[in-house]
Amino acid sequence: MQHNIPVESLGPMGEAMGQAVSKCVHCGFCLPACPTYNLLGEEMDSPRGRIILMKSVLEGDLELEDALIYIDRCLGCLGCVTACPSGVPYGELLTPFRAMAQEKRQRPFTDRAARSLMLNTIPQPERFRLAARAGKLARPLQGIMPERFRAMMGLLPVSLEARQALPEITPAVGERRARVALLAGCVQQVVSPGINRATLRVLAKNGVEVVIPPGQGCCGALAMHTGELGLARVQGRRNLEAFPADVDAILTNAAGCGSGMKEYKLIFKGTELEEAAHGFAGKVKDVSAFLDELGPVEPHAIEGGLRLAYHDACHLAHAQGVTTAPRRLLSMIPNLELLPIPEGELCCGSAGTYNIEQPELARQLGERKAQHILSTEAQAVATGNIGCMVQLRNHLTVLEQAIPVWHTMEVLDRAYNGRE
Amino acid sequence: MNASIIDASAIEELQEAIRTRTCIQPYGAGSKTALAVADGQCTRISAAGLSGVVEYVPSEYTFTALAGTPAAEIERMLIENRQYLPFDPPLAREGATLGGTVAAGLNGPGRYRYGGLRDSLLGVQFIDGRGSLVRSGSRVVKNAAGFDLPKFMVGSLGGYGFLVELTFKVMPMPAAYTTLRARYPDIETGHAALVRLTRQPFEIYALELSVQEGLVELLVRLGGATGTLAARKERVGAVLGGARPEVLAGEQESALWADLRDFHWLPVGHNLVKIPLTPKRVLPLEAELAAINAPRVYSAGANLAWVALPGEIDGSDAIAAILVKLGLGGLVVLGEAGKRRIGARNGETFAQRVKQALDPDGKFVEF
Amino acid sequence: MDYAAFQSELHRIYPPDRLLTKDAQLAPYESDALTSFRSRPKAVVIAADQQDVIETVRLCHRSGVPFVARGSGTSLSGGSLPVESGIVVAMNRLNHILLIDPDERIAAVEAGTVNLDISRAAAPYGLYYAPDPSSQPVCTIGGNLAFNAGGAHCLKYGMTSNHVLGIKAVLPDGEVVQLGGDSLEAVGPDLVGLFVGSEGLFGIALEVTVRLLPKPEAFKTVLAAYHSLEHAGQTVAEIVGGGLLPGAIEIMDNLAIQAAEAAVAAGYPQDAEALLIVEMDGEAATVEADFERVMAIIQASQAYQVRTARDDADRMLIWKGRKSAFSAVGRLSPDYIVQDGVVPRGRLAEALAEIQQLGEEYDTRVANVFHAGDGNLHPLILFDGRQEGALERAEQLAGRILEMCVRFGGSITGEHGIGVEKRKYLPLMYGEADLDVMQAIHTQIDLQGISNRGKMFPGS
């Protein structure tokens, strides 16, 4: 599609934005892949509609404030990228656009307070832990809080496990086949610390030595996708410095973090860290993709067998194109029946901070997803992202059919080592 | 023969004739006897002079011919290249012309495989009520330019224009045919077998359910590569249920279908009424027909009933009342009809708007 | 009635969230899938049910305000381009499947239903809806009907009009009519046949009854790579000339192959000058027998690489590549025009040679994807709209290709319709008397010309 975006004046990410618009041919193949278009059925809430809106704003034909309501409703799930035959890198338009918008927009006070709370709390395990405790105490007050805060409360776990430090180095069991560094994640450490422990055991079992660099911090994805580019860069820089170069790969077990770290390429474009970011991003891999490539050790059968639905996390499937690896890994478990979820390519509504920023749409998507999962009559559901796990648990609970929600690594761990 | 038949061979003469007359009734070979009955005040204009093939390129699967060309002549031409008219023109042996078949909108049993006239008519040229020679559609198998008047002309009964030239899509003829004939104790079991068959992915060329003198028969025609027929026949037989079906092949088989297509089963002195319907409406219609002794054949997988009725049909008969009650429409095709279209109709106001455009002075007789 | 009065009447029909009038709400509706044409409507209304549509049309009729019905906006001929002085009626929420009757083999759906959703709903009964335009997962049945959409399977199965049995529509003056019914047979002129393909000029379809077919029992799909388009074209002629009737026969040229392969990774040979896809479908025994004959012809042809689909997933991927080809060309060029001309099958090779020559003459790249079985060409004319005169050159080239199609005895559109894009070429195909009659019908049905104004007729 033609455009008159003044790419030169938009900074280092301007060219990427222009190219994304240029590749879009407005064919509409993205429409059925877009969660908000599915719910709202309006062009403004579709990927190609948002491209038009961003293009119009960038060209100066439309006020930013007028377009933002529709841009804000985008989950950033990148389902459209998978569906797009023209290869539009939608994320490369959206992320810089949100950053640009963030500098200019006016948000109401409660929104600002919520965002600030969120962005300053979630990425720091200790703070999140405190907040989670406080949240538990505040639970009875939920009814009188503004909707945003209420949505945040809903994400908090009802009970918290005691803090348990992760080892800086986990040696391989048997012959060492690879050495990797692992991002421990923020929310996950507090809400589901078992995922990291399972990941370490599975990797070790497969002959992988794992380093957890102590200086690491939040990946920056939340900040990046909410347009807080400055904060994202600060967080990203910290990781660029903290992670060692002498590892075979930098692994994450949270899809959102994985895709966020792959985006370092984009956010450090034109800065002195551009090259370092390139090298770093090139090493980032989801643990499932890494293990699949490595060739995993045969797992044992799970006691009693398991009918398991696999949920594609958007930031794994759409943002990183990882769909077959986790399925292949799970299918190696002899008595595990892997079930496809209808409408599987559609987002569950978690999408980073989405269920805090757009609680109503997130709720509809979450419920829809939970119903599709239940339609498979699975005994449990597996996925590769903590955000999805929280969202699925909440909505399965609302439907009063709280089947277990596990991380792919937790299922594998169980097959290798029995119950934790 | 009516004295006012004009036999015009030149198109310009036809145009002139249409311009100068106030009431016109296009006429082909008269094989659809009820539709060919002259309207007293009108001039019947014959298309007999408009006969001949304009273009036939076998590898394109298309041909163009003048409207007065006998369908049988076309079939003879096509078979040379192992092709056939997928709509299977009825009454071809009675001289049915291409134009008459289109105007009457009649398909034979073979339409079950690849569709009827509306699916194979690609282009038309006709003279409208103002005497203009108009072309619509095209000569290629795929075209989406302009309004689809070729389709509109199917079943138009000569009420909107005088057909001059027609382009059709044709289909390759299967190497061989075979037919199964199964008998059933009653219509319910025969009908159930038909519905079962229509749900199967079998390549059936014709599927007819005949109800005559208490005899219920299902006729299934299969076509294709010779080597495939034996096994496919068995599969169909398994779905048919009931007693082991009779298998027909060769000349006996082709004669059976030719006779069905030309309504040889129609008792002497009977009218033939075409009633479009769907499988679901067969049993309700059967219940209504129980009181009348009317031999009938459900054609094209029960998308159509051919019903034979004695006496003149004037629109106030039992059959008309039955059709209205069931929400069905009918067309009297053969016989000495007083009224041709009976029963329910829809879309009349839409049709009238088109009539206003094509024939503002109302020259062409409408039924 | 002036527009302000009209708008206040609109407010009585639509709550604020379904009456879009702000710039940010209208901008995304300016184009369909043909972005060279843009036009901002005064308003977009999101109809929630049939009554909304009927009342809107009646209001437009009383006020003389033009309206454009829009489904998913996937037209490649600008078929749902808005009118500046008018409104857009978004039909997406009229997407209810009202009936699937497996014994009658029919489905009744609202006009905003997505094409593929019909087949999905029919699948449990072993049935499907045959017409499969490439935008099948997106496009709506209402748009398919208005433009008589085709697809890869037309030679054997026909176009949209061959599968629509009944239509409930609101005419431009607000009259609601029922045309046809649910039988394959009818008495009286074929009104459904006339309505289908009328490009929205006859009003808005509300409900459509379509026929369903039993899903073919077996499919056999083969890919054959050639060093020249001509050889691929010859093979098509031999297959069809041999009395074989494939479910689909498609050809893609090198540019299209590369774009589609980049989009889908279907395993297309990227060095091929022409890729032929032939698919036989039907009853297992017949498919087996016919496919053997097809393979014998292909083996004897100039194909340098032949591959048959391994399984259903592979087959779907082969088709996904083909169906993504148009949009995938977005990878090669920021802008393109898709043409949709038809030539007699026997003149395919000649036509392709001429297109190539024209591309050179206009110094413009042309990618080719076509339904070879029915001679339906889809030259994709690539250009960069920011270059001075590029759009004009591309349009001239497109015009020359259409002239060629007519000269060869074909059509200027096989399945995309005239829309706004090919209006001026309609007189290439039809004479004055032919156009007069079409105009007369249009006038009788829409005296004010408010329904999808600006489509089909030259200068309209």
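Throughout what follows, the structure given in this document is the object of discussion.

The next point concerns the overall build of chain B. Each helix and strand counted, chain B has 13 helices and 19 strands in total. What you see for chain B is a C-alpha radius of gyration of 21 Å, in line with the 21 Å of a compact globule of 367 residues. When the backbone C-alpha atoms are referred to their principal axes, chain B occupies close to 65 × 50 × 35 Å. Counting across all 367 residues of chain B, residues that qualify as buried make up 63%. In chain B, the share of contacts with a sequence separation of at least 24, taken over all contacts with a separation of at least 6, comes to 70%. Working note: accessible area of chain B is about 12,600 Å², and carbon and sulfur atoms make up 51% of it. Computed over 38 positive and 38 negative side-chain charges, the separation of the two mean positions in chain B equals 6 Å.

Another aspect to go through is the interface of chain C and chain B. Contact residues are listed per partner, giving 88 residues for chain C and 72 residues for chain B. Buried surface at the junction of chain C and chain B, both sides included, amounts to about 6,600 Å², of which 56% is carbon and sulfur. Considering only the side of chain C, the residues that lose the most area to chain B are C:Glu185, C:Val187 and C:Glu283, jointly responsible for 12% of the buried surface there. C:Asp173 is the partner of B:Arg353 in a salt bridge, and the nearest nitrogen-oxygen pair spans 2.9 Å.

On to the side chain of A:Asp292. Residue and element names in this part refer to chain A. Mapped onto the elements, Asp 292 comes out in helix α17 (residues 287-294). Judged by relative accessible area, Asp 292 falls into the buried class, the value being 18%. Of note is the side chain of Asp 292, whose polar atom sits 2.6 Å from the side chain of Arg 328. Not counting residues up to four positions away in its chain, the partners in contact with Asp 292 are Ala 325, Arg 328 and Leu 329.

Contacts between the two partners involve 36 residues from chain C and, on the opposite side, 32 residues from chain A. Both sides of the chain C and chain A interface together cover about 2,600 Å² of buried area, and 55% of this is carbon and sulfur. On the chain C side of the contact with chain A, C:Ala24, C:Pro28 and C:Ser327 bury the most area, a combined 19% of that side's loss. A salt bridge links C:Arg70 to A:Glu43, with the shortest nitrogen-to-oxygen separation between them at 2.8 Å. Remark: the boundary between chain C and chain A carries 12 residue pairs in polar contact (both at pLDDT 80 or more). Among the secondary structure elements, those contributing two or more residues to the side of chain C that touches chain A are α2 (23-26), α11 (312-328) and β16 (335-338) of chain C. Examining the composition of the side of chain C that touches chain A, we find that 4 residues originate from one element, α11(C), more than from any other. Of the residues contributing to the side of chain C that touches chain A, the split by class is 13 nonpolar, 13 polar and 10 charged.

Residue and element names in this part refer to chain B. Sheet architecture is open: 9 strands sit in the order β14-β11-β13-β12-β16-β17-β15-β18-β19, paired in antiparallel fashion. What marks the edges here is a single partner per strand, and that holds for β14 (246-248) and β19 (341-343). The average angle at which neighbouring strand axes cross in this sheet is 25°, direction not considered. One ladder, built from 4 bridges, connects strand β16 (residues 296-299) with strand β17 (residues 304-310); its direction is antiparallel. Paired with Ser 299 across the two strands is Leu 304, which belongs to β17. Sheet contacts for helix α12 (residues 318-326): β15 (270-276), β17, β18 (329-334) and β19; angle to β19, the most-contacted strand, approximately 60°.

This part covers the nonpolar core. Core analysis: the biggest nonpolar cluster contains 133 residues, and B:Phe63, B:Phe350, C:Phe195, C:Leu377 and C:Ile441 have the highest contact counts within it. Here this core takes 9 residues from helix α13 (residues 390-407) of chain C, the largest share from any one element. With near-sequence residues (within four places) excluded, C:Phe195 lies in contact with B:Phe350, C:Leu145, C:Ile167, C:Ala169, C:Leu171, C:Leu179, C:Phe202, C:Gly203 and C:Ala205. Counting residues in hydrophobic clusters, the runner-up holds 56 residues, among them A:Val287, A:Val322, A:Leu392 and A:Leu396.

Time to look at the arrangement of the chains. Contacts are most numerous between chains B and C, considering all 2 pairs of chains that are in contact. Between chain A and chain B there is no contact, and the shortest C-alpha to C-alpha separation is 21 Å.

For the rest of this paragraph, the subject is the sheet that holds strand β18 (residues 376-383) of chain C. Within a sheet, each strand pairs with its neighbour through backbone hydrogen bonds, oriented either parallel or antiparallel. All names here are of chain C. With antiparallel pairing, the 7 strands of this open sheet are ordered in space as β15-β12-β14-β13-β17-β18-β16. Taken across any chain shown, the strands that pair with only one partner, and hence form the sheet edges, are β15 (305-308) and β16. Ignoring strand direction, the axes of neighbouring strands in this sheet form an average angle of 15°. Bridge analysis of strand β12 (residues 218-226) against β15 gives 4 bridges, and the strand direction is antiparallel. Bridge pairing in β15 links Leu 223 to Arg 307. Helix-sheet contacts for helix α9 (residues 254-264) involve β13 (248-253), β14 (274-282), β17 (366-371) and β18, and the interaxial angle to β13 is about 95°. The strands touched by helix α10 (residues 284-300) within the sheet are β12, β14 and β15, with β12 carrying the most contacts at an inclination of about 10°.

A few words now on the state of the cysteines. Taken as a whole and judged by the stated rule, the model has 1 disulfide over all chains. Here B:Cys23 engages in a disulfide with B:Cys42; their sulfurs sit 1.6 Å apart. Of this pair, B:Cys23 sits in the loop between α1 (11-20) and β2 (24-27) while B:Cys42 is found in the loop between α2 (33-36) and β3 (43-46), placing the two residues 19 residues apart along the sequence. Given the relative accessible area of 3%, B:Cys42 is considered buried. No disulfide involves A:Cys27; its sulfur sits 6.3 Å from the nearest other cysteine sulfur, which is in A:Cys84. With no disulfide of its own, A:Cys314 has A:Cys347 as its nearest cysteine by sulfur position, at a separation of 3.8 Å.

Rules behind the numbers
Chains are numbered independently. Their residues run from 1 in the order of the written sequence. Labels are handed out in written order, letters beginning with A for the chains and numbers beginning with 1 for the ligands. Totals for whole chains, interfaces and linings use all residues, but because this is a predicted model, local features are given only for residues with pLDDT of at least 70 and pairs of side-chain atoms are given and counted only at 80 or more. Each side-chain value is derived from all of the structure's non-hydrogen atoms; neither hydrogens nor water enter the calculation. Helix and strand definitions follow DSSP, with helices as H or I runs of at least four residues and strands as E runs of at least two, each counted in order from the N terminus. With the radius of gyration taken over C-alpha atoms, the globule rule is written as 2.2 Å times the number of residues to the power 0.38. Accessible area is worked out with a 1.4 Å probe on protein chains only. A residue is then buried under 20% of its type maximum, exposed over 50%, and partly exposed in between. The contact criterion used is simple: two residues touch if any of their non-hydrogen atoms lie within 4.5 Å. Only the protein chains shown count as cover for residues, with accessible areas throughout obtained via the Shrake-Rupley method and a probe of 1.4 Å. Here the positive residues are Lys and Arg and the negative ones are Asp and Glu; neither His nor the chain ends is included. The location of each charge is read from NZ of Lys, CZ of Arg, CG of Asp or CD of Glu. Note on definitions: buried area is the accessible-area loss of two parts on being combined, 1.4 Å probe, summed for both. Salt bridge criterion: a side-chain nitrogen from Lys or Arg within 4 Å of a carboxyl oxygen from Asp or Glu. Here a polar contact is taken to be a pair of N or O atoms separated by no more than 3.5 Å, where protein atoms must pair a possible hydrogen donor with a possible acceptor and residues adjacent in sequence count only if both atoms sit in side chains. Any residue that is not Ala, Val, Leu, Ile, Met, Phe, Trp, Tyr, Cys, Pro, Asp, Glu, Lys or Arg is counted as polar, Gly included; the first ten are nonpolar and the last four charged. For two strands to be treated as a pair, DSSP must find no fewer than two bridges joining them. Geometry is summarised by axes, namely lines fitted to C-alpha atoms with helices restricted to the contacting stretch, and by angles between N-to-C directions that run from 0 to 180 degrees. Working definition of a nonpolar core: buried Ala, Val, Leu, Ile, Met, Phe, Trp, Tyr and Cys residues. They are joined through side-chain atoms within 4.5 Å. Throughout, disulfides are identified as pairs of cysteine sulfur atoms within 2.5 Å of each other.

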